[in-house]
Amino acid sequence: MKYWLVKTEPDECSIDTIADTGSEGIAWDGVRNYQARNFLREMAKGDQVFIYHSSCAKVGIVGLAEVTEEAFVDPLQFEPESAYFDPKSMPENPRWSAVRLQFVRKFKQPLALKELKTLPAMAENPLVQKGSRLSVVPFQASEYQAVLALVD
DNA sequence: GCCAACGTTGGC
DNA sequence: GCCAACGTTGGC
């Protein structure tokens, strides 16, 4: 099993939005960065995924989700009306992938970015590196456990 | 709202 | 292939 973190703006899709989708889960689409896309493609069913709120008042990890469907073609890239439309992506060779995530739980207290930066176990994680804009972040098992140890 | 850091585009 | 210009991300 592997571990990940995905960023989301709570105004667009918060942990509560994900929770509301229940057992159906939510398509994690709209990723338009190659490095992040490649990580999406590495995800396997059952992988654990931290949900992170960015660009908001309380930046940090707010809960946990799980991969329920491995990478599939992101349909939004072919929809001209979508903000995620990509005219250069060809149906015979789609550029962008999505996965399906299902809500696992919301932490009673979010783990703030500020706190994450103080954890020795997280020192090497891309999330806390200066200037990192990666929206899908791989986690080592040790990093995953260090975070879980601080939430309930 | 500001701005640093980063990724992408496109002219040459 | 270089690199300037531009657009975006995301913390603060």
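Residues numbered from 1 in each chain as written. Chains lettered and ligands numbered in written order. Predicted model: local features only at pLDDT ≥ 70, side-chain atom pairs only at ≥ 80, totals over all residues. Heavy atoms only, no water.

As annotated in an unreviewed UniProt entry, chain A carries the name EVE domain-containing protein and comes from Pseudidiomarina aquimaris.

### Description of the pairing of strand β4 (residues 60–73)
Here six bridges tie strand β3 (residues 48–53) to β4, and the two strands are oriented antiparallel to one another. By the bridge assignment for β4, Tyr 52 is matched with Ile 61. Linking β3 back to β4 in an antiparallel pair, the connection comprises six residues, with Ser 55 at a positive phi of about 50°. (Pairing = 2+ DSSP bridges. Helix = DSSP H or I, 4+ residues; strand = E, 2+ residues; numbered from the N terminus.)

### Some remarks on the protein's contact with DNA strand C
Looking at DNA strand C, the residues that line it are Lys 7, Tyr 52, Ser 54, Ser 55, Val 59, Leu 113, Lys 117 and Arg 133. Counting only atoms of DNA strand C within 4 Å of the protein, the sugar-phosphate share comes to 72%. Side-chain polar atom of Arg 133 to a base oxygen of DNA strand C: 2.9 Å apart, as the coordinates give it. Of the residues in the surface near DNA strand C, the class split is three nonpolar, two polar and three charged. (Near = heavy atom within 4 Å. Polar contact = N/O pair within 3.5 Å; in protein donor to acceptor, adjacent residues only side chain to side chain. Nonpolar A, V, L, I, M, F, W, Y, C, P; charged D, E, K, R; others polar.)

### Things to note about the packing of aromatic side chains
Under the counting rule described, the total for this entry stands at six aromatic pairs. Relative to Phe 139, the ring of Phe 50 has its centre 5.3 Å away and its plane inclined at 65°; by these criteria the two rings are edge-to-face. Of the two residues, Phe 50 is situated in strand β3 and Phe 139 in strand β6 (residues 136–139); the sequence distance between them amounts to 89 residues. Among the residues examined, Phe 139 registers a relative accessible area of 6% and is labelled buried. (Phe/Tyr/Trp six-rings, centres within 6.5 Å; stacked < 30°, edge-to-face > 60°. Buried < 20%, exposed > 50% of the residue type's maximum accessible area, 1.4 Å probe, protein only.)

### Concerning the sheet that holds strand β5 (residues 97–112)
Reading across the sheet, the six strands line up as β2-β5-β4-β3-β1-β6 and stay open at both edges, with mixed pairing between neighbours. The open sheet terminates on both sides in strands that have one partner only, identified here as β2 (26–28) and β6. In this sheet, neighbouring strand axes are inclined to one another by 40° on average, regardless of whether the strands run parallel or antiparallel. As defined by bridge partners, strand β1 (residues 3–8) adjoins β6 across four bridges and the pair is classed as antiparallel. Within β6, the residue paired with Trp 4 across the bridge is Pro 138. Relative to the sheet, helix α3 (residues 34–42) contacts β1, β2, β4, β5 and β6, its axis offset from that of β5 by approximately 95°. Set on the sheet, helix α5 (residues 141–148) makes contact with β1, β3, β4, β5 and β6; between it and β6 the angle comes to about 95°. (Axes fitted to C-alpha atoms, helices over the stretch in contact; angles between N-to-C directions. Contact = heavy atoms within 4.5 Å.)

### Observations regarding α3
Looking at α3, one finds that the buried residues are Ala 36, Arg 37, Phe 39 and Leu 40. The buried residues of α3 occupy an angular sector of 160° when projected down its axis, which confines them to one face. At its buried positions, α3 is contacted by β1, β2, β4, β5 and β6. The opening residue of α3 is Asn 33, an N-cap whose side-chain oxygen sits 3.1 Å from the backbone nitrogen of Gln 35. (Arc of directions from axis to C-beta.)

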